[in-house]
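Understanding the architecture of this molecule
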Amino acid sequence: MEGSPLSAGQFALLAGLFGAPMLLLWAGHHLRRKSRRVRGAFWGGLAGHTIASLIAIWYSMVPPEAWSASDTVRGVGGFYWMMVGAIIGAAIGILKSRNQKPAS
Amino acid sequence: MGWCSAGGGDAVARPAGSGKVRTITPALPPAPPSRRSGRWLARAAFYAHLWLGVLFTVALLSISITGILLNHKRELGLMPDVNHDPAGQFTAALPLAVLADKARAATSPAIAETQIDRMDVRPRNGYVKVRFRDPASTEVTVDINGGRVLHVGPRGDVFLERLHSGEAFGDKWVLLSDAAAIALTILLITGYWLWLVPKWRR
């Protein structure tokens, strides 16, 4: 591991750990002034990231002796899920904001 | 003519009937330098508290949970609790190489092939803990005088320790734990600043 470049899983972990919250902070700044699409993406992304973070923390606590060679669920849950959860949540938020009627 | 005040203490004139807004000369004198710097500090403290709090939520949550689990590792069965009294004098203990062989013999061949990570000698209890470098961090507790195997089992707390420090992801990932600790310190300072400084100013 010494001196090796960042693996795809580690990159996804960093993106989920710091990238997604940073984007959420940017989107949440002056939220009321933002467009409906950005507001939908913010709330969807926030919900998706929160749920995904809890799943990632849960999977990260699985001790190594319980891992198996074909254990992809743990890898996806621990490394990729925070980033993917935020993206899926934001996408759902955008889609929901499109279907909503504008406030009268 | 309607009047409203703007954020920086300037007065804003909004003539009735027209949508135009024009700024006129400040109605109040500018704030003294100490108050201005205080406002700047409060703003910086607020944003540092907000950004660091959000960015390090998951890392700090993970460190907190692993910390609680490590505090109660005995009760949770993450490490063995072997009750044993010394069977003889420490000077009469078996050599470390012999104790290591006894430990190897007590494990499966796959574990015995791996390197020994450490040997933790406890003269007060009369045993040595021999830990292997397998994924489960298997530990064999051996009586140092008779060579009797007292316990064989995985050490669940080793992985939690590595997760707590960040080493579970790689050697350099301890920096993540360092960053989270620094962030927590700044969060504490800024939190107290935002809470107490406005009270002192009143």
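In this report, we go over the structure that sits alongside the text. (Residues numbered from 1 in each chain as written. Chains lettered and ligands numbered in written order. Predicted model: local features only at pLDDT ≥ 70, side-chain atom pairs only at ≥ 80, totals over all residues.)

This paragraph deals with the overall build of chain B. Secondary structure assignment for chain B yields six helices and seven strands. Overall, chain B shows an N-to-C arrangement of helices and strands of β-β-β-α-α-α-α-β-β-β-β-α-α. For chain B, buried positions account for 18% of its 202 residues. (Helix = DSSP H or I, 4+ residues; strand = E, 2+ residues; numbered from the N terminus. Buried ≥ 20, exposed ≤ 12 C-beta atoms within 10 Å, placed from the backbone.)

Taken together, the contact pairs 18 residues of chain B with 15 residues of chain A. Put simply, the parts of the chain that give the side of chain B that touches chain A at least two residues each are α1 (33–55), α2 (57–71) and α5 (156–165) of chain B. When residues in the side of chain B that touches chain A are grouped by element, the largest group, six residues, is from α2 of chain B. The residue inventory of the side of chain B that touches chain A, partitioned by class, reads 13 nonpolar, four polar and one charged. (Contact = placed C-beta atoms within 7 Å. Nonpolar A, V, L, I, M, F, W, Y, C, P; charged D, E, K, R; others polar.)

The next thing to look at is the packing of helix α1 (residues 8–28) of chain A against helix α2 (residues 36–60) of chain A. Residue and element names in this part refer to chain A. Viewed as axis vectors pointing N to C, α1 and α2 meet at an angle of 145 degrees, and their least axial separation amounts to 10 Å. Judged by the sense of rotation from one axis to the other, the crossing of α1 with α2 is left-handed. Here α1 contributes Ala20, Leu24, Ala27 and Gly28 to the contact with α2, which in turn contributes Val38, Ala41, Phe42, Gly45, Leu46 and His49. Per-class residue counts for the contact of α1 with α2 are seven nonpolar, three polar and no charged. (Axes fitted to C-alpha atoms, helices over the stretch in contact; angles between N-to-C directions. Left-handed = near helix turned anticlockwise from the far one by under 90°.)

Moving on to the environment of Gly126 of chain B. Topologically, Gly126 of chain B is positioned in the loop between β4 (116–122) and β5 (127–132). With near-sequence residues (within four places) excluded, Gly126 of chain B lies in contact with His84, Asp85, Pro86, Ala87, Asp143, Ile144 and Asn145 of chain B.

A word on α2 of chain A. If you check α2 of chain A, its first and last C-alpha atoms are 35 Å apart, about what 25 residues at 1.5 Å a residue would give, namely 36 Å. Buried within α2 of chain A we find Gly40, Ala41, Phe42, Trp43, Gly44, Gly45, Gly48, His49, Ala52, Ser53, Ala56 and Ser60 of chain A. Each element contacted by the buried residues of α2 of chain A is listed here: α1 and α3 (72–99) of chain A together with α2 and α5 of chain B. (Expected span 1.5 Å × (residues − 1).)

This next bit is on the nonpolar core. In terms of nonpolar packing, the biggest core is built from 18 residues, with Ala20, Ala52, Met82, Met83 and Ala86 of chain A touching the most fellow members. Elements represented by at least two residues in this core include exactly α1, α2 and α3 of chain A. When residues in this core are grouped by element, the largest group, seven residues, is from α3 of chain A. Those residues within four positions of Ala20 of chain A in sequence are excluded, and the remaining contacts are Ala15, His49, Met82, Met83 and Ala86 of chain A. In this structure, Leu99, Ala103, Val130 and Val142 of chain B belong to the second largest nonpolar core, which totals nine residues. (Core = buried A, V, L, I, M, F, W, Y, C linked by C-beta atoms within 7 Å.)

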